[in-house]
Amino acid sequence: MSITKQSVVNSILTESTQLGTAAEAFAPSNIALCKYWGKREAELNLPINGSLSISLGELGSRTSIVESDSGSDQVYLNDKLIEPTDRFATKVISFLNLFRRELQQPVVIKTVNNIPTAAGLASSASGFAALMLAINDFYRFGLGNEVLSAFARMGSGSASRSVFQGFVEWQKGLREDGMDSCAQRLDLEWQGFRIGLLKVATGAKKVDSRAGMQRTVESAPLYQAWPEQAAKDLQTIKRAIEDKDIELLGQTAEQNALSMHATMIGSWPPLLYWQPESVAAMHRVWELRALGVPVYLTMDAGPNLKLLFTAEYEAQVRDAFPELTDLDLVAPFG
Ligand code: DP6
């Protein structure tokens, strides 16, 4: 019989759950420096390669769960009640159902994202991580962070990393049930590390990461080279963080991101998340770098850029990108 999310949860949570009353949890958003792109198993979101990210401190999702007295589940997003048939609500409820088990106690789940909407960042990573942390609290499971990370991964792969702050590595794992495919915080700090969230284009994307990576794995000949490159990049990025070497980190992260995009472009039908504004912004980064400023870019499955640099160059980066507000500049270590 094939392994399902439910069978994995049942194998870990053998005790019957308790009725909850109220819980609240926060999880940060994260930006991958070495990207997760491609699954070896879709039901459990098991990745083909390991990945490494930086969490965004106070930017992320806050989720609360309370008992409902209305007799049915209710889901709110950013203070708005969501229709039960809406995709967001069904995703949240079906994830909760994995843990509710025999208890059918109706609940109210509220999620608030404080990621600047202007940044155009995906919130599924912080959303599923915050939901998992809140579920753990609500049903008083008392699970450890690595199990929480493995469970959050079943909601969305990148959510495994959002269980932690700081630099985080998600190991791809080897087990069939995926319980070793979880993230860990790296014991490395970098006070001067900065991220700039540069929004260049609006509008919902037509192909989400999940569909995008599936298409790439199935149809892109260039994808063959990806797992080996990602494994190498991950080690290089770790070394660069240890040495606080922004050139090595930036170069490796930028090349990793653009290589991932190259696999997407080489898919069929082609997958190009860049807009003309994205390409223009890339050129501005490269021009600034040519002037001697060590600033690098990374991009996910969307048109926006994330800039990587250090505090000593913040003034130059702000000058070159006046559209960056204080809210778009993140100091992950405070
Ligand atoms: C490009 O975690 O959103 O942002 O596991 O299908 O939910 P699912 O995908 P998701 O993919 C994130 C892809 C990425 C790279 C990364 O965050 O590592």
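Predicted, not measured: the structure shown is a model, and the values here were computed from it. (Residues numbered from 1 in each chain as written. Predicted model: local features only at pLDDT ≥ 70, side-chain atom pairs only at ≥ 80, totals over all residues. Heavy atoms only, no water.)

I tried to follow the nonpolar core on my own but got confused; where do I start?
In this structure, Phe-99, Ile-135, Phe-167 and Leu-249 are the most contacted members of the largest nonpolar core, which totals 85 residues. Counting residues per element, this core draws most heavily on helix α3 (residues 124-138), which supplies nine residues. (Core = buried A, V, L, I, M, F, W, Y, C linked by side-chain atoms within 4.5 Å. Buried < 20%, exposed > 50% of the residue type's maximum accessible area, 1.4 Å probe, protein only. Helix = DSSP H or I, 4+ residues; strand = E, 2+ residues; numbered from the N terminus.)

Quick question: what am I supposed to make of the site of the ligand here?
With respect to spatial proximity, 17 residues lie near the ligand, and among them Tyr-36, Lys-39, Ser-156, Gly-157 and Ser-158 are the closest. The contact in question runs from an oxygen atom of the ligand to an N or O atom on the backbone of Gly-157, over 2.7 Å. The side chain of Ser-158 places a nitrogen or oxygen atom 2.6 Å from an oxygen atom of the ligand. Relative to its unbound accessible area of 460 Å², the ligand is 92% covered by the protein chains. Counting residues per element, the shell around the ligand draws most heavily on helix α5 (residues 209-219), at three residues. (Near = heavy atom within 4 Å. Polar contact = N/O pair within 3.5 Å; in protein donor to acceptor, adjacent residues only side chain to side chain. Areas by Shrake-Rupley, 256 points an atom, 1.4 Å probe, with all protein chains shown as cover.)

Hey, could you run me through the confidence of the model for the chain in this one?
Detailed reading of the predicted coordinates is not advisable wherever pLDDT falls low. Here the chain averages 95 in pLDDT, while 96% of its residues score no lower than 70. In the predicted assembly, ipTM is 0.99 and pTM is 0.97. (pLDDT = per-residue confidence, 0-100.)

Is there a simple way to explain the environment of Leu-121 in this structure?
Mapped onto the fold, Leu-121 is located in the loop between β7 (107-113) and α3. By relative accessible area, Leu-121 is classed as buried at 15%. Leu-121 has contacts with Ser-29, Ile-31, Leu-56, Ile-115, Leu-197 and Lys-306, leaving out every residue within four places of it along the chain. (Contact = heavy atoms within 4.5 Å.)

What am I meant to see in the environment of Asn-114 here?
By secondary structure assignment, the location of Asn-114 is in the loop between β7 and α3. For the pair formed by Asn-114 and Asn-78, sequence separation is 36 residues and the distance between their alpha carbons is 8.8 Å. When neighbours within four sequence positions are excluded, Asn-114 is seen to be in contact with Glu-58, Leu-59 and Gly-60. At 2.7 Å, the side chain of Asn-114 forms a polar contact with the backbone oxygen of Glu-58. A polar contact of 2.7 Å, which involves the side chain of Asn-114, links it to the backbone nitrogen of Gly-60.

Just checking my understanding: could you explain the pairing of strand β12 (residues 305-310) for this structure?
Regular strands show a simple pattern: their side chains alternate between the two faces of the sheet. Among the six residues in β12, six count as buried, and that is most of the element. Residues Leu-305, Leu-307 and Phe-309 point to one face of β12 and Lys-306, Leu-308 and Thr-310 to the other, with burial holding for every one of them. Note that strand β10 (residues 193-198) and β12 share six bridges and pair antiparallel. If you follow Leu-198 over to β12, its bridge partner there is Leu-305. Here three bridges tie strand β11 (residues 296-298) to β12, and the two strands are oriented antiparallel to one another. Bridge assignment links Leu-297 to a residue of β12, and that residue is Leu-307. Hairpin connection, β11 to β12: the antiparallel pair is bridged by six residues. (Pairing = 2+ DSSP bridges.)

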